[in-house]
Each structure stands twice: as C-alpha cells, then as structure tokens.
Amino acid sequence: MTAKIIIGAQWGDEGKGKIVDLLSSDCDVVARYQGGANAGHTVIVGNKKFILHLIPTGILHEKVLCMIGNGVVLDPEAFFDEINFLNENGISAEGRILIYPNTHIIMPYHKILDRLSESKDQKIGTTGKGIGPAYTDKVSRIGIQAIDLLNEKILKQKIEFNLRLKNIILRNHYHADEISFDQIFEEVLEYSKKLLTYISKDSSILSDAILNGKRVLIEGAQGALLDVDHGTYPFVTSSNPTIGGALTGLAISPKMIGETIAVVKAYTTRVGEGPFPTEIRNEIGESLRKNGSEYGATTGRPRRCGWLDLNLLKYSNQINGFDSIAITKLDVLSSFDEIKVCTDYKIRNITLDYFPVDSETLSIVEPNYVTFGGWKTNITGINKYSDIPVEAKEYLKFIEDYLGIKIKIISTGSERSETILL
Ligand code: GDP
Ligand code: IMO
Ligand code: MG
C-alpha cells in the first residue's frame, strides 16, 4: 500500500480542510508533516464549523488515527485548546493522536519573539504563532523536542539555556521585558504531563502503518508558494509544505507516496505580505473576497484576491509532481461577466519563459491573461458534472490542458455534499 498526499498548490487556504475531510472518510490514518497552529483548515459539517489548526483534519472521522510528524512544530497550548474545542463538540481525541518523539515544541518565548520580530524587524505578515522562531531553534540545534518533555532534568537545562540566549535578544535588541525561568517552567511542566500519553516511542509509526496496508492520507498545511525553499522568500512560512517536506517530516520513503493531489482554488488568494502577480486591487478583487468569504481562518485578516495563475501552478507542479487536482470554490466565480486566467508573465513587454523564484523579480512581472466568458449562473452545491454550465467546463478543461493534470474533484461549496467526484 501507499499513501495519498494533499498539498496546497498556491499560497495556502485552497480548501485543503474540506478535501482532506472528504477523503478521510475511508482512511485509517491522517498525518500532518509540517507547519503548526498557523494553519486553519475549515470543515463544515451540517451547521457546525470546525477549524483545525494543529490536529489533523481526520480527527473529525471517529475511526481515524491522527499523527503529528517530526516536521511539525507543536504548541502545547494550541494543542489542548483544540482538544477542548473538539470535546465540546462531541469529538473525542482520546487514544487517537500520536506525536512523533522528535517533533519540535513551540515555547511561550517563540510566540513573543514572532510578534516582536513582526513589529520591529521584518514585516512578513506572520500569523504570530511562533512558527519562524521555533523552526529557527530547530535548525540552530537548540530546539526542544517532544521527547525532552519526558525528562524534567533535560527540559530544565534546555529551557535555562534558551532563556539565557532569548533574554539577551529581548533586552538588547527589542528593549522588551525578559522572561524568567519560573514564569514559564511550571506551565510547560503542566503541559508536559498532559502530553505524555500522546507521544509515540519512535518515528516508525506511519511507515509501519503504510507497510501494514493501512489507508493513509497525508495532510499538507500552507501551500507550495509559502515553502521556505521554493516559495516567495522571505515572504514564506518556515517549513516545507511541498512534497519533500512530507518525507522528512514523517520519516517515510518516497516509494510510500502513491498519489499526490493538488488542492487548487479556482482563483488565487494570499494572506500577509509578498509578491502576488495576479492580485486585483479593485471592485473585482473585492467581489472575490466577498463571494468567497476570503478572511483568514486563523487570524481573521482579509485575504488578498486575484485571478487564477497557471504559471504559478506549473511551477508548483514542477516541485510536487501532482497526479490529480481537486479544484475548489468554483462557485465563487459564478457572478462574473468574464474570468481571467494568467498563462505567463512579462517584464517590459517581454514574455518570460520561466517562473522567477526571487521576490524582487516576481513583484515587477505583469501577467498575460486569457479571458473566458462567465457562466453567470449560481452553481453552488452542484454535485453532478453534467449540471455544470458549459462555460465552467471550458474553464476547467483549459486548466487541465495547460497543466497536463486531470481534475478529479470539483468543489462547489463548503459542505461535504457540495462536491463533484470525477
Ligand atoms: P485550507 O487552509 O486550505 O484548509 O482552507 P481554509 O479553510 O483556510 O479556507 C477555505 C475556505 O473556503 C473555508 O472557509 C471553506 O469552508 C471554504 N470552502 C472550501 N471549499 C469551498 C467551495 O468549493 N466553495 C466555497 N464557497 N467555499 C469553500
Ligand atoms: P493553511 O494551512 C495561508 C502565511 C502567513 C504569512 C506567512 C508566514 O490554512 O493554508 P507564519 O505564521 O507561518 O510564520 O507566517 O505564511 N501563512 C498562511 N497563509 N494559509 C496558511 O495555512 C498559512 N500559514 C501561514 O499569512 O504570510
Ligand atoms: Mg487555511
């Protein structure tokens, strides 16, 4: 057996939550491999809205076991807030979540440093969840891993060492209050005790599950263009949402991935700073935001909106090697007279035959567009391909032909039933 993986193909918020939820219904395991509580994956079940930040979306299906890989940065506070929220909504996480022993932990000082860095250093427009500082410590080899929470002596030493470094930065660089050991140690210890039962003994759990024929779904967070290596650096997150991140973040081999599914929003959005070639800064962009309710699931910030960018998706596919596409929010385009799609970029009227990987260049490119006639009929909730207007079919066919990838799922609304399976 092999696993399926869901990857956001744009700048995040493509609707991964809805697609993961849909595919989780016949899965045994759902695993997250990167990111942390910066994610916001929305699932609508009847009149209930679930936003999963850190716990795999599969938790909504009773029989699914959820895994949090070593590539994730785990904030214990966010973790237990989410478990409480799930409990309040009748979902038990008891015995259903396993955290890799080498998963890095987000400490209270990471969140403080994230916010200070945003206001005083470089504005990336982060979610303020401590993601960048936690990954910085991981790469600097001073991070605290889940396994450290099981050993009070080691935990104490590591926190003391980290606080000595962090307090120099807090005092001298940010002119902010220092953090005392006592201030955070009790809190961390409290969470450690509660986390004990969730931490697995080794990192072979997912690999074993795949080898044992379990049906496994891997849930990407963020999106390809937010990847720290391949995204619009420095306006990116600090992990690898692209396919490589799944291997390093879950300790599995490339041979274990059987199908890579791109989640593509039928237009483009991004939250935070950074270049966005097809962004529309007029009433059309506002209509996209309004019709698509484009406000951040984690921070509530309005998302920047624009037309679909196929040049970007071609690049995203270069990195991820998508087998199929799940296209979401097609219904949001229903009211437009015309719909544009970017096929490539130009600079000073010269068309580029590549995707610029540096943000400086990407911020000055202009998109070349192909224009489609709109369908002007509300398609919300349609779940049969034959019921889709011909103009929408042409739009989808153009995307498939351009990318050479088949669309297997079309989403026409936020609910489970508002989906066409091809
Ligand atoms: P994720 O981070 O990729 O999981 O996406 P988010 O949950 O942050 O944002 C997607 C939003 O679009 C959520 O509010 C979903 O409920 C909603 N959504 C998902 N698919 C569709 C769809 O096909 N049509 C509409 N109108 N909304 C959708
Ligand atoms: P999901 O999984 C959209 C963006 C932030 C910011 C940048 C860095 O819901 O698609 P960070 O807090 O990660 O250091 O912020 O990345 N960002 C997201 N944008 N969807 C997300 O997750 C995001 N997670 C982070 O807005 O621009
Ligand atoms: Mg989201």
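Our structure is the block above this text.
Engineer: How do you make sense of the overall build of the chain when you look at a structure like this?
Structural biologist: Helix and strand content of the chain: 12 helices and 19 strands. For 422 residues, the compact-globule estimate of 2.2 N^0.38 gives 22 Å, and the C-alpha radius of gyration of the chain, at 22 Å, lies within 12% of that figure. Over its C-alpha atoms, taken along the principal directions, the chain stretches across nearly 65 × 50 × 40 Å. Burial statistics for the chain: of 422 residues in total, 58% are counted as buried. The long-range share in the chain, meaning contacts at least 24 apart out of those at least 6 apart in sequence, stands at 76%. Accessible surface for the chain amounts to roughly 17,800 Å². Of this, 50% is attributable to carbon and sulfur atoms. If you average the places of the 47 positive and of the 53 negative side-chain charges in the chain, the two averages end up 1 Å apart.

Engineer: Before we go on, may I ask you to explain the site of ligand 1 in this structure?
Structural biologist: Surveying the vicinity of ligand 1 reveals 18 residues, the closest of which are Lys 16, Gly 17, Thr 42, Asp 331 and Ser 411. One of the side-chain nitrogen or oxygen atoms of Asp 13 is found 2.9 Å away from an oxygen atom of ligand 1. Lys 16 places a polar main-chain atom, nitrogen or oxygen, 2.7 Å from an oxygen atom of ligand 1. Taking 580 Å² as the accessible area of ligand 1 by itself, protein coverage stands at 90%. Of all the elements in the fold, those that place two or more residues in the shell around ligand 1 are α1 (16-24) and β3 (41-45). Among the elements that make up the shell around ligand 1, the one with the highest residue count is α1 (3 residues). Grouping the amino acids of the shell around ligand 1 by side-chain chemistry returns 2 nonpolar, 9 polar and 7 charged. Three or more residues apiece are contributed to the shell around ligand 1 by two domains, here domain 1 (3-100 + 206-261) and domain 3 (265-319 + 328-421).

Engineer: Would you mind going over the site of ligand 2 with me for this structure?
Structural biologist: Close to ligand 2 lie 21 residues; Lys 16, His 41, Thr 127, Gln 222 and Thr 237 are nearest. The contact in question runs from an oxygen atom of ligand 2 to an N or O atom on the backbone of Asp 13, over 2.8 Å. Interatomic distance of 2.6 Å between a side-chain N/O atom of Thr 127 and an oxygen atom of ligand 2. Per-class residue counts for the shell around ligand 2 are 8 nonpolar, 10 polar and 3 charged.

About the cut-offs
- Residues numbered from 1 in each chain as written.
- Chains lettered and ligands numbered in written order.
- Predicted model: local features only at pLDDT ≥ 70, side-chain atom pairs only at ≥ 80, totals over all residues.
- Heavy atoms only, no water.
- Helix = DSSP H or I, 4+ residues; strand = E, 2+ residues; numbered from the N terminus.
- Rg over C-alpha atoms; globule rule 2.2 N^0.38 Å.
- Buried < 20%, exposed > 50% of the residue type's maximum accessible area, 1.4 Å probe, protein only.
- Contact = heavy atoms within 4.5 Å.
- Areas by Shrake-Rupley, 256 points an atom, 1.4 Å probe, with all protein chains shown as cover.
- Lys, Arg positive; Asp, Glu negative; His and termini not counted.
- Charge placed at Lys NZ, Arg CZ, Asp CG, Glu CD.
- Near = heavy atom within 4 Å.
- Polar contact = N/O pair within 3.5 Å; in protein donor to acceptor, adjacent residues only side chain to side chain.
- Nonpolar A, V, L, I, M, F, W, Y, C, P; charged D, E, K, R; others polar.
- Domains from an automatic or database assignment.

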